[in-house]
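Fold and geometry: a report
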Amino acid sequence: MPEIGRTFRKAVGGIEYLAGSVWRGGRRMLGLRPPLQVVPYYGYGTRARLILKGRVMVRKDLPPPGRADTRWRNFRSMARRYLTDEVPGARVSLRWKEEKFDAVADEEGYFDFDCALRSPLPDTVRWHEVAVHLCAPLGRHQTEVQAQARIFTPLAEAQFGVISDIDDTVIHTGATNFFRMARVVMLGNAYTRLAFKGVAAFYQALQRGCPGDRQNPIFYVTSSPWNIFDVICEVFRVHRIPRGPVFMKDYGFDADKFIKSSHGFHKLASIRGLLELYPHLPFILIGDSGQHDPEIYRQIVHDFPARIAAIYIRDVTDRPGRREAVEALGREVSATGTALVLSRDTLEAARHAADAGYIDPGMLGSIAEDKLADTEPPTATEILLHQQT
């Protein structure tokens, strides 16, 4: 991320922190107790371990996105997501069967659970529901606040796991150009944010594996903030991209978060955690050439020998020398036995996956059909997305 992007994030984080402090102080002086909500993100784990992150905030009822929404409407909705009114120090509990676990939210309202379960999660389904309760504080007239959290666990028949970047890998974002990315994020919604052609069919094929009934887990890692978790989920739903746990970032104000806020640190930590949690699973890594995915994945191959089955890198940049650098890195990785495929489109990666036995070759037809849309004239949104600022 360019220096201007880091400076912008710090400035926004500082403004958000100061504005939130003033607002919360004034609210306490006036005795106001607005309604609160618990927002659990997708959790994950094993049958015996449950990991979940979430946030406690003043409730905001955002309107659902629509295909005909104006940029101004999109901007207002997105601004409300970023201008959160979190609840520091909130006490929450998680309940699974007869077990109860407690957590306290940090200064940004985030809470974390990492629970060792006495009663294991069922091994017959991938998604489980657990109840998360807000113990204190409560808003005026609120006697109970709870939410159902979804927890993902891989099934025993999984052939491999997939860890994928999102920005410029699954969804067009323009992450190599800060101002273009900001325009896409702030002025668009789930219907205007575009998935790369063929991605939905390819990821569905990876999830099914070969011969097609393996139910492989897919995890997503992005440098986008948790504020837009619901947007990412809606984009996936609209474009039929398989659902999976998402690892996002908190651009809060405290210094420790800024120290650990780099794209590389966040992605390395997330991937290492998954490989350690699921030591029996090999993984496929998917990213793009726009930032540092190839270098990050090379480090993972070095740290976890024989655990990475393949790396697929979407070539999204025309920066001089970048393709040659990734190709050289690919030769280095390939010498360890892990294939690195650098491609301009999804179909090329899918063909390699079919040849390697990661997807059913019969799925190539549906991926190719999805990819054919690339030959159609660009839509107005696509033209706007690729305009230079």
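The structure presented is a predicted model; accordingly, all values stated were derived computationally and were not measured. (Residues numbered from 1 in each chain as written. Predicted model: local features only at pLDDT ≥ 70, side-chain atom pairs only at ≥ 80, totals over all residues. Heavy atoms only, no water.)

Moving on, we get to helix H9 (residues 322-334). Its 13 residues give H9 an end-to-end C-alpha distance of 18 Å, which sits within 8% of 18 Å, the value for a rise of 1.5 Å per residue. Turning to H9, its buried residues are Arg322, Val326, Leu329, Gly330 and Val333. The buried residues of H9 occupy one face: seen down the axis, they fall within an arc of 110 degrees. Structurally, H9 contributes buried residues whose contacts are with helix H8 (293-303), strand E13 (308-314) and strand E14 (339-343). (Helix = DSSP H or I, 4+ residues; strand = E, 2+ residues; numbered from the N terminus. Expected span 1.5 Å × (residues − 1). Buried < 20%, exposed > 50% of the residue type's maximum accessible area, 1.4 Å probe, protein only. Arc of directions from axis to C-beta. Contact = heavy atoms within 4.5 Å.)

Here Tyr42 lies in the loop between strand E1 (36-40) and strand E2 (43-45). What makes Tyr42 buried here is its relative accessible area of 16%. Along the sequence, Tyr42 and Gly54 sit 12 residues apart, while their C-alpha atoms lie 8.5 Å from each other. The contacts of Tyr42, once residues within four sequence positions are left out, are Leu52, Trp127, Arg150, Phe229, Cys233, Arg243, Gly244 and Pro245.

Take the confidence of the model for the chain next. Averaged over all residues, the pLDDT of the chain is 83; the fraction at 70 or higher stands at 77%. Here residues 175-179 is modelled with pLDDT under 50, and outside its nearest four sequence neighbours on either side it reaches 14 contacts, counting other chains as well. The low-confidence segment residues 374-389 (pLDDT under 50) makes 23 contacts with residues lying over four places distant or belonging to another chain. (pLDDT = per-residue confidence, 0-100.)

What follows covers the sheet that holds E14. One open sheet holds the 6 strands; their spatial order is E11-E10-E9-E12-E13-E14, and the pairing between them is parallel. Strand pairing shows two members of the sheet lacking a second neighbour, strand E11 (246-249) and E14, which therefore form its edges. The sheet shows a mean angle of 15 degrees between the axes of neighbouring strands, taken without regard to direction. (Pairing = 2+ DSSP bridges. Axes fitted to C-alpha atoms, helices over the stretch in contact; angles between N-to-C directions.)

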